[in-house]
Number of protein chains: 6
Amino acid sequence: MADLSHLNEQERARMVDISEKTDTVRTARARSGITVSEEAYTQIEEGTGEKGNVLATAQVAGITGAKKTSDWIPLCHPLMLSGADIQFEWEQHEPDTYYLSITSEVKVKGNTGVEMEALTAASAAALTVYDMCKSTGKDMTIGPTYLLDKTGGKSGDYHRES
Amino acid sequence: MADLSHLNEQERARMVDISEKTDTVRTARARSGITVSEEAYTQIEEGTGEKGNVLATAQVAGITGAKKTSDWIPLCHPLMLSGADIQFEWEQHEPDTYYLSITSEVKVKGNTGVEMEALTAASAAALTVYDMCKSTGKDMTIGPTYLLDKTGGKSGDYHRES
Amino acid sequence: MADLSHLNEQERARMVDISEKTDTVRTARARSGITVSEEAYTQIEEGTGEKGNVLATAQVAGITGAKKTSDWIPLCHPLMLSGADIQFEWEQHEPDTYYLSITSEVKVKGNTGVEMEALTAASAAALTVYDMCKSTGKDMTIGPTYLLDKTGGKSGDYHRES
Amino acid sequence: MADLSHLNEQERARMVDISEKTDTVRTARARSGITVSEEAYTQIEEGTGEKGNVLATAQVAGITGAKKTSDWIPLCHPLMLSGADIQFEWEQHEPDTYYLSITSEVKVKGNTGVEMEALTAASAAALTVYDMCKSTGKDMTIGPTYLLDKTGGKSGDYHRES
Amino acid sequence: MADLSHLNEQERARMVDISEKTDTVRTARARSGITVSEEAYTQIEEGTGEKGNVLATAQVAGITGAKKTSDWIPLCHPLMLSGADIQFEWEQHEPDTYYLSITSEVKVKGNTGVEMEALTAASAAALTVYDMCKSTGKDMTIGPTYLLDKTGGKSGDYHRES
Amino acid sequence: MADLSHLNEQERARMVDISEKTDTVRTARARSGITVSEEAYTQIEEGTGEKGNVLATAQVAGITGAKKTSDWIPLCHPLMLSGADIQFEWEQHEPDTYYLSITSEVKVKGNTGVEMEALTAASAAALTVYDMCKSTGKDMTIGPTYLLDKTGGKSGDYHRES
């Protein structure tokens, strides 16, 4: 029996140790959005699409997405979220193009931050809007998706500069 | 006992009936991406980040994301995917800004399309890159995320015009 | 080495073989419900509870519950549901007691029935109503929960006698 | 660009913030049950059904249901349960009708109660009994399902009045 | 903007395309096992452990493990299993060492084999036995775990030579 | 109405109460492995298999397996893991047989140990190697799988004697 080789150290994904970090209240907010046609905008506002109430469903998808983040992102630590919320706001970018801005807000009392939970929540909500409106056309575009701000934790607060 | 009210029909999300649609081979490709700093770019290329091999992990996250799409997106039908793949490509947008383009490709033999699976796969891969590089800075931006093309199904093929 | 014993055959749960059953369109409808106080009724109708829109959320919970049935019920076969829907209707049973009747409807093209999916969908919707209204009092009662009817499959149609 | 509208505030489901609540030991017990025919009763007691040991399987389904509650109920907080148990008891209601009473008991050391976990555990156990006995007839009825009592937390103890 | 590099092709995990494979009935059987002390053996046979009925729980864990295989093994295709079963048998290897042999059997009508489902089912059952007996000592050893045989599919049948 | 019987107490699986146990840092390491042919060995080392990078994928499967342990093993308590890692090492056992040794390491700050998480992580990694190499032959054997050591908790440290 011989020890054949050291494996390439580059393949070594790991879930880094956070057991020394302290429990504090941490928050994060992220933003995503989706550009939709006037037809989709009307369906969303009037609830006339074949799949039903778009924003109520996307709201639930965003919150459950926040809860499932460690299931979707392989190296994310599981966390017991204290709270999660999603907000939608319309902007009109061009005559027949509507942009639905999506803001997620996640809170935890724990030993690591919730940036990924906020980003995943916003992404899941945007994907759900796409799913429910795609019979009106597939040219919708999701994003940009980014972190707005975070508070709590040793690395300090973060506020994105616009 | 009295029947009190018809509920507001607007709240009626539903998973629409696809039992009459026929089983055919269907494909979809979607694109997402993420803008990262030079430091993150170097970590990804040289595998020196604390969380390990970024692209190999994002690749797995993308494929498992495709498989879990009906778990992320409330009204998506469960599907037995035939295949899924993710590809990465770097573009340099500005002197110190790097853009990682992410293309997903999903295939099924079934009675509904896989657009959502492709979009979810690309989103999960992008979120995983963010997670593994976020110690280098939180200014990364994900997206735009959109459908490149689809084939198969009664509604015909789709190719996004660039 | 000795063969010590035949294990008690009674412990042998199994997922029974359905590979010989034929693919046909099958449907099932189930009913559940929940008795709530006037305060909860008002919150649901006016959307004034702290957790938000009760019925829209319960609707999503019911549909996702149908999709996850084989994850909740150990010996249920996984199925690719073709469609799922939930309907709510109010009945007033006593001066200050309101009964929310919940009807689920599930459809599949497959080789086993969807009775469990319909029952699970109705149960998940009822539990979600409980969760969202429990700050108004914990005396709510869920049920009875039962199968209304099913169609398709070798065992024939079923209609519950009221 | 114009801000088009305030969305209907009624659609705003949210997972309410519990980060200020304190960690204490909390318990909850719930009850459900199922009415079965004499044939099903005999199968359960003698372990002669085609799907095997009904109560052992329902017991496991109840416990895993408690653990997955935040996956079933969209706005439930994820919790690290400290313990869970299920108990069954037969009652004979009429000559040929048997009622299987199901009691769940769940415990946590955390900052929110486990009422939903107890209710979900009892529901999952009852649904599993239905699944394993449904070849004997589909007239079984689940419920009523309700909270028996809870202890711990700021809102104080609760004991249902029978 | 410049195309910077071809990524290392070695990192490219993919879920290979099976859409051209035909639907046939496929089966697989796998074997695992666990070596336990006399104390654990007695607990299992007499049901006196603090966690309850070991084999009934391991049976359920094995079957649900078969159903969840595509969730645990990243590149496994999702499959709608037609049936799954687990069998246990005791062997006495040395005066105070008992070996519980675990055989899983999985069946599908589909376009790819169920070897991984059988191996995962047997592994999940063995891990569950370990979990339920570990208060009697942690020296238990699981395995070897291997495929016994498979039938169906283009690559033909396989029977392991002992 | 009559109370018919005490159910067989043996069927009573339960998730035992750990609410009185104290939160401390706990670790566990487990080992598994897989015997592969020279062809599979070469594919793994050179990345030439049709499913791509075996070890990077198995690494991710092991870590996500650790996180999902309470979903695989029915009576395991859910835990918020602080860290998880997997290491691979080759041994050559015979001229044309290669053994890939797999070591998992899991850490938590919590009130119960992580032995099951370490064992499940190692098992999931081994199963993933099997899946990715099975086109080279199905004679691969997984295991033995066992606990190497654990630290923390009232029951004290454990080190397996080789």
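Being a predicted model, the structure only gives us computed values, none of them experimental.

Parameters and conventions
- Residues numbered from 1 in each chain as written.
- Chains lettered and ligands numbered in written order.
- Predicted model: local features only at pLDDT ≥ 70, side-chain atom pairs only at ≥ 80, totals over all residues.
- Heavy atoms only, no water.
- Helix = DSSP H or I, 4+ residues; strand = E, 2+ residues; numbered from the N terminus.
- Rg over C-alpha atoms; globule rule 2.2 N^0.38 Å.
- Buried < 20%, exposed > 50% of the residue type's maximum accessible area, 1.4 Å probe, protein only.
- Arc of directions from axis to C-beta.
- Contact = heavy atoms within 4.5 Å.
- UniProt positions renumbered as here; feature names shortened; annotations may be inferred.
- Buried area = accessible area lost by both parts, 1.4 Å probe.
- Salt bridge = Lys/Arg side-chain N within 4 Å of Asp/Glu carboxyl O.
- Polar contact = N/O pair within 3.5 Å; in protein donor to acceptor, adjacent residues only side chain to side chain.
- Nonpolar A, V, L, I, M, F, W, Y, C, P; charged D, E, K, R; others polar.
- Least-squares fit on C-alpha atoms with pLDDT ≥ 70 in both.
- Axes fitted to C-alpha atoms, helices over the stretch in contact; angles between N-to-C directions.
- Left-handed = near helix turned anticlockwise from the far one by under 90°.
- Phe/Tyr/Trp six-rings, centres within 6.5 Å; stacked < 30°, edge-to-face > 60°.
- Expected span 1.5 Å × (residues − 1).
- Disulfide = S-S within 2.5 Å.
- Pairing = 2+ DSSP bridges.

Participant: Mind showing me how you'd approach the overall build of chain A here?
Facilitator: Looking only at helices and strands, one finds four helices and six strands in chain A. The secondary structure elements of chain A, listed N-terminal to C-terminal, are β-α-α-α-β-β-α-β-β-β. The C-alpha radius of gyration computed for chain A amounts to 19 Å, which surpasses the reference 15 Å derived for 162 residues by more than 25%, pointing to a less compact arrangement than a globule. For chain A, the spread of C-alpha atoms along the three principal axes comes to 65 × 40 × 30 Å. Counting all 162 residues of chain A, 66% fall into the buried class.

Participant: Explain helix H1 (residues 38-46) of chain C to me, please; I cannot follow it from the model alone.
Facilitator: One full turn of an α-helix is made of 3.6 residues, so residues set three or four places apart face in the same direction. Residues and elements named next belong to chain C. Where H1 is concerned, the buried positions are Ala-40, Tyr-41, Gln-43 and Ile-44. The buried side chains of H1 occupy one side of the element, clustering within an arc of 165° when seen end-on. Buried residues belonging to H1 abut strand S1 (24-37), helix H2 (54-67), strand S2 (81-94), strand S3 (97-110) and helix H4 (115-133). Gly-47 sits one or two positions beyond H1 and adopts a positive phi of about 65°.

Participant: Just checking my understanding: could you explain the arrangement of the chains for this structure?
Facilitator: Nothing in chain B touches chain D; the tightest C-alpha to C-alpha distance between them is still 9 Å. The two units chain C and chain F remain apart, with a minimum C-alpha distance of 9 Å.

Participant: Hey, could you run me through the UniProt feature "domain: Molybdopterin cofactor biosynthesis C (MoaC)" (unreviewed entry) in chain A in this one?
Facilitator: UniProt marks residues 15-153 of chain A with the feature "domain: Molybdopterin cofactor biosynthesis C (MoaC)" (unreviewed entry), using the numbering shown here. Here residues 15-153 of chain A runs as 33% helix and 36% strand, with 18 Å between its end C-alpha atoms.

Participant: Just checking my understanding: could you explain the interface of chain F and chain A for this structure?
Facilitator: Much of the literature gives interface size as the accessible area that the parts lose upon coming together. The interface is formed by 30 residues belonging to chain F together with 25 residues belonging to chain A. On the chain F side of the contact with chain A, Lys67(F), Met80(F) and Ser82(F) bury the most area, a combined 25% of that side's loss. Here chain F is connected to chain A by three salt bridges. Among the salt bridges present, the one from Asp85(F) reaches Arg14(A), with a minimum N-O distance of 3.8 Å. Scanning the region where chain F abuts chain A turns up nine residue pairs in polar contact (both at pLDDT 80 or more). Among the elements of the structure, helix H1 (38-46), helix H2 (54-67), strand S2 (81-94) and strand S3 (97-110) of chain F are those that each provide at least two residues to the side of chain F that touches chain A. Partitioned by chemical class, the residues of the side of chain F that touches chain A number 14 nonpolar, eight polar and eight charged.

Participant: Help me out: how do you make sense of the interface of chain C and chain D in this one?
Facilitator: Taken together, the contacts link 48 residues of chain C with 48 residues of chain D. Together chain C and chain D conceal approximately 4100 Å² of surface at their shared face, both sides included; 59% is due to carbon and sulfur atoms. At the boundary of chain C and chain D, one finds four salt bridges. Here Lys138(D) ties to Glu115(C) by a salt bridge, and the two come within 3.3 Å at their closest N and O atoms. Along the contact surface separating chain C from chain D lie 18 residue pairs in polar contact (both at pLDDT 80 or more).

Participant: Sorry, what's going on with the relation of the copies chain C and chain D here?
Facilitator: These two copies of the chain differ by a rotation about an axis and a displacement along the same axis. At an RMSD of 0.0 Å, chain C and chain D line up after a rotation of 180° and a shift of 0.0 Å along the axis. Look at the turn and shift together and you get a two-fold axis relating the two. Of the interface residues in chain C, 100% have counterparts in chain D that sit at the interface too, so the contact is made through matching surfaces.

Participant: How should I be thinking about the UniProt feature "binding site: substrate" (unreviewed entry) in chain A in this particular structure?
Facilitator: The UniProt feature table records "binding site: substrate" (unreviewed entry) at Leu75(A), Cys76(A), His77(A), Met116(A) and Glu117(A). In summary, the annotated positions, though distributed over 43 residues, converge in three dimensions, the widest C-alpha pair being only 12.5 Å. Positionally, His77(A) belongs in the loop between helix H3 (69-72) and strand S2 (81-94). Other than its neighbours up to four places away in sequence, His77(A) contacts Met15(A), Val16(A), Ile18(A), Ser70(A), Thr112(A), Glu117(A), Leu81(F), Ser82(F) and Gly83(F). In terms of polar contacts, His77(A) uses its side chain to reach the backbone carbonyl oxygen of Val16(A), at 2.7 Å. In this structure, Met116(A) sits in helix H4 (residues 115-133). Contact partners of Met116(A), with chain neighbours within four places excluded, come to Thr69(A), Cys76(A), Leu127(B), Tyr130(B), Asp131(B) and Lys134(B).

Participant: Please clarify how the packing of helix H2 (residues 54-67) of chain B against helix H4 (residues 115-133) of chain B should be interpreted in this entry.
Facilitator: If you want to describe how two helices pack, look at the angle between their axes and the distance between the axes. Residue and element names in this part refer to chain B. Across the interface, H2 lies against H4 with an axial gap of 7 Å and an inter-helix angle of 150°. As for how H2 packs across H4, the hand of that crossing is right-handed. Taking contact as the criterion, the partners of Val-54, Thr-57, Ala-58, Ala-61, Gly-62, Gly-65 and Ala-66 in H2 are, on H4, Glu-117, Thr-120, Ala-121, Ala-124, Ala-125, Thr-128, Val-129, Met-132 and Cys-133. Across the contact of H2 with H4, the residue classes tally to 10 nonpolar, five polar and one charged.

Participant: Before we go on, may I ask you to explain the packing of aromatic side chains in this structure?
Facilitator: Each aromatic ring pair is summarised here by two numbers: the centre-to-centre distance and the angle between the ring planes. If you walk through the whole model with that rule in mind, you get 21 aromatic pairs over all chains. Taking 4.1 Å as the distance between ring centres and 10° as the angle between the ring planes, the aromatic pair formed by Tyr41(C) and Tyr98(C) counts as stacked. A residue pair is termed long-range when its members are at least 10 positions apart, and Tyr41(C) in helix H1 and Tyr98(C) in strand S3 qualify at 57 residues. Across the pair, Tyr98(C) and Tyr41(C) agree in class, each one buried. When the centroid spacing of 6.4 Å and the interplanar angle of 90° are considered together, the rings of Trp90(F) and Tyr98(F) count as edge-to-face. An aromatic cluster of at least three residues, connected via ring pairs, comprises Tyr41(A), Trp90(A) and Tyr98(A).

Participant: What is the right way to look at the relation of the copies chain F and chain A in this model?
Facilitator: Taken as rigid bodies, chain F and chain A are interconverted by a rotation of 120° and an axial shift of 0.0 Å, the fit giving an RMSD of 0.0 Å. The symmetry that links the two subunits is that of a three-fold axis. No C-alpha of chain F approaches the rotation axis more nearly than that of Met80(F), which lies at 4.6 Å. Taken together, the interface assignments show that only 7% of the residues at the interface of chain F recur at the interface of chain A, consistent with different surfaces on the two copies.

Participant: What's the story with H2(F) in this structure? I'm lost.
Facilitator: Residue and element names in this part refer to chain F. The end-to-end C-alpha separation of H2 is 20 Å, in line with the 20 Å expected for 14 residues at 1.5 Å each. H2 sits mainly inside the fold: 14 of its 14 residues count as buried. The N-terminus of H2 is capped by Asn-53, whose side-chain oxygen sits 3.4 Å from the backbone nitrogen of Leu-55.

Participant: How should I be thinking about the pattern of salt bridges in this particular structure?
Facilitator: Should the charged atoms of two oppositely charged side chains come close, the side chains can pair. Applying the stated criterion across every chain, the model contains 48 salt bridges over all chains. Ionic pairing is found between Arg29(D) and Asp149(D), a salt bridge with its closest N-O pair at 2.8 Å. Taken together, the residues span a long stretch of sequence, with Arg29(D) in strand S1 (residues 24-37) and Asp149(D) in strand S5 (residues 146-151) at a distance of 120 residues. Within the structure, one salt-bridge network assembled from shared partners comprises Lys68(A), Asp71(B), Lys68(C) and Asp71(D).

Participant: Any chance you could explain the side chain of Thr57(F) here in plain terms?
Facilitator: Relative to the elements of secondary structure, Thr57(F) occurs in helix H2. Assessed through its relative accessible area of 1%, Thr57(F) is described here as buried. The contacts of Thr57(F), once residues within four sequence positions are left out, are Val60(B), Ala13(E), Pro74(E), Leu75(E), Thr128(F) and Met132(F).

Participant: What should I look at first to understand the state of the cysteines in this one?
Facilitator: By definition, a disulfide links the sulfur atoms of two cysteines through a covalent bond. Applying the stated criterion across every chain yields a total of zero disulfides over all chains. Here Cys76(A) stays unpaired: no disulfide links it, and the sulfur of Cys133(B), its closest cysteine neighbor, is 13 Å away. Taking relative accessible area as the criterion, Cys76(A) reaches 5% and is therefore assigned buried.

Participant: Explain the pairing of S2(F) to me, please; I cannot follow it from the model alone.
Facilitator: The side chains of a regular strand alternate between the sheet's two faces. Residue and element names in this part refer to chain F. As paired strands, S2 and S3 are joined by 12 bridges and run antiparallel to one another. Note that in S3 the partner of Ile-86 across the bridge is Ser-104. The turn joining S2 and S3, which pair antiparallel and follow one another in sequence, is formed by two residues.

Participant: Looking at this structure, how should I read the pairing of strand S1 (residues 24-37) of chain F?
Facilitator: Residue and element names in this part refer to chain F. Pairing between S1 and S3: 14 bridges, direction antiparallel. When the sheet's bridge partners are listed, Thr-27 is paired in S3 with Lys-107. Across five bridges, S1 lies against strand S5 (residues 146-151) in antiparallel orientation. Residue pairing for S5: Thr-27 is matched across the bridge by Thr-151. In this structure, S1 lies alongside strand S4 (residues 141-142), joined through two bridges in antiparallel fashion. By the bridge assignment for S4, Ile-34 is matched with Ile-142.

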